[in-house]
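Spelled out from the first residue to the last, the chains are:
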Amino acid sequence: MTLSMYQASVPVFVRQFASLTAILDKGAAFAAERGIDPSELIEARLAPDMAALPRQIQIASDGVKGCIARLAGIDVPGYADTETTFDALKERIAKTVAFIESVPADQIDGTEDREISLKFGEQSINLSGQAYLLTFVLPNFFFHVSIAYALLRSKGVEIGKRDYLGG
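Here we summarise the structure given alongside this text. (Residues numbered from 1 in each chain as written. Predicted model: local features only at pLDDT ≥ 70, side-chain atom pairs only at ≥ 80, totals over all residues. Heavy atoms only, no water.)

## Observations regarding the packing of aromatic side chains
Step number 1: For the structure shown, the criterion picks out 6 aromatic pairs.
Step number 2: Through a chain of ring-to-ring contacts, three or more aromatic side chains come together here, namely Phe13, Phe17, Phe141 and Phe142.
Step number 3: The positively charged end of lysine 95 is found above the aromatic ring belonging to tyrosine 79, 4.1 Å away from the centroid. (Phe/Tyr/Trp six-rings, centres within 6.5 Å; stacked < 30°, edge-to-face > 60°. Lys NZ or Arg CZ within 6 Å of the ring centre and 35° of its normal.)

Structure representation (C-alpha cells):
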C-alpha cells in the first residue's frame, strides 16, 4: 500500500497543530498561575535574530495552508499576521486547520508530480509536489513548531516531549 499525498500532509499537520494548541494553553496557564504578563512569553526569542512566538506560528500556518492550496491547485488564503495573544494564535491555528480540512483528499492525492513554483524575492525554485511536501514544507513546518515549543520551554513552561508529540 502506498502512502498518499493527503495522508502524508493533512493528518500530520492537524495532529501537530493540536499539540501546538495544547502547548499554547499550557503557556497561557503558566503565565496566569505565576502572574507573568503573557507578552513576556509571546515576545520571547531564542536569539536576537530569531522571530518571536507569533511569527513562528504564522510561518508554520502559512507553510501549511500554502502547501495544501498549491497541491490542490487552488488559491492560497491570506491571513493578516496580526496575532499578539495566546487566544489569537490559537484562532490562527484553528482557521488554518479548518482550511486544510476543507480541501478534499482527491484534490491532493495524485499531486506527486505537479510542478510547484516558489518565489523568494528574485529567486525561484521549482519542485515536484512530492519533493515540495517532503523536503520543503514538512521540514519547515516542524522547525517552526519546534521553535515555538522551545520558546515556551525556555521561559519555564512545563512542557516536554509528550506535549510536543501530542495525542
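More follows now that the structure is in view.
## Description of the packing of helix α1 (residues 10-34) against helix α4 (residues 86-102)
In a pair of packed helices, the angle between the axes and the distance between the axes together describe the arrangement.
Step number 1: Interaxial distance between α1 and α4 falls to 10 Å at its minimum, and their mutual angle equals 165 degrees. Here α1 is positioned roughly antiparallel relative to α4, judged by the angle of their axes. Between α1 and α4 the crossing geometry is left-handed. Facing α1, whose interface residues are Val10, Phe13, Val14, Phe17, Leu20, Thr21, Leu24, Asp25, Gly27 and Ala28, α4 presents Phe86, Leu89, Lys90, Ile93, Thr96, Val97, Ile100 and Glu101. (Axes fitted to C-alpha atoms, helices over the stretch in contact; angles between N-to-C directions. Helix = DSSP H or I, 4+ residues; strand = E, 2+ residues; numbered from the N terminus. Parallel < 35°, antiparallel > 145°, perpendicular 65-115°, else oblique. Left-handed = near helix turned anticlockwise from the far one by under 90°. Contact = heavy atoms within 4.5 Å.)

## Examining unusual backbone geometry
Step number 1: If you check the backbone angles, aspartate 81 has positive phi at about 60 degrees while not being a glycine.
Step number 2: In this structure, aspartate 81 sits in the loop between α3 (53-72) and α4.

## Details of α1
Step number 1: For α1, spanning 25 residues, the distance from its first C-alpha to its last is 36 Å, which sits close to the expected 36 Å at 1.5 Å a residue.
Step number 2: Lining the buried residues of α1 we find α2 (38-42), α3, α4, α5 (105-108), α6 (129-154) and α7 (161-165).
Step number 3: Backbone geometry just after α1 places glycine 35 at a positive phi near 65 degrees. (Expected span 1.5 Å × (residues − 1).)

## With respect to α6
Step number 1: Its 26 residues give α6 an end-to-end C-alpha distance of 36 Å, which sits within 8% of 38 Å, the value for a rise of 1.5 Å per residue.
Step number 2: Along its length, α6 shows its largest kink, about 35 degrees, at valine 137, and proline proline 139 lies within four residues downstream of that point.
Step number 3: Two residues or fewer after α6 comes glycine 156, characterised by a positive phi angle close to 100 degrees. (Bend = angle between axes of the 7 residues up to and from the residue.)

## Here we look at the nonpolar core
Step number 1: Membership of the largest hydrophobic core comes to 48 residues, with the highest contact counts inside it found for Phe13, Leu53, Ile68, Ile108 and Leu152.
Step number 2: For this core, the secondary-structure elements that each account for two or more residues are α1, α2, α3, α4, β1 (115-120) and α6.
Step number 3: When residues of this core are assigned to their parent elements, the largest contribution, 11 residues, is made by α6.
Step number 4: Setting aside its immediate chain neighbours within four residues, isoleucine 108 contacts Met5, Tyr6, Ser9, Val10, Ile68, Leu71, Ala72 and Val103. (Core = buried A, V, L, I, M, F, W, Y, C linked by side-chain atoms within 4.5 Å. Buried < 20%, exposed > 50% of the residue type's maximum accessible area, 1.4 Å probe, protein only.)

## Quick notes on the pairing of strand β2 (residues 123-128)
One face of the sheet, then the other: side chains in a regular strand alternate in exactly this way.
Step number 1: As paired elements, β1 and β2 share 6 bridges and run antiparallel to each other. Following the sheet pairing, leucine 118 is matched in β2 by isoleucine 125.
Step number 2: The antiparallel hairpin formed by β1 and β2 contains 2 residues in its connecting segment, where glycine 121 sits at a positive phi of about 65 degrees. (Pairing = 2+ DSSP bridges.)

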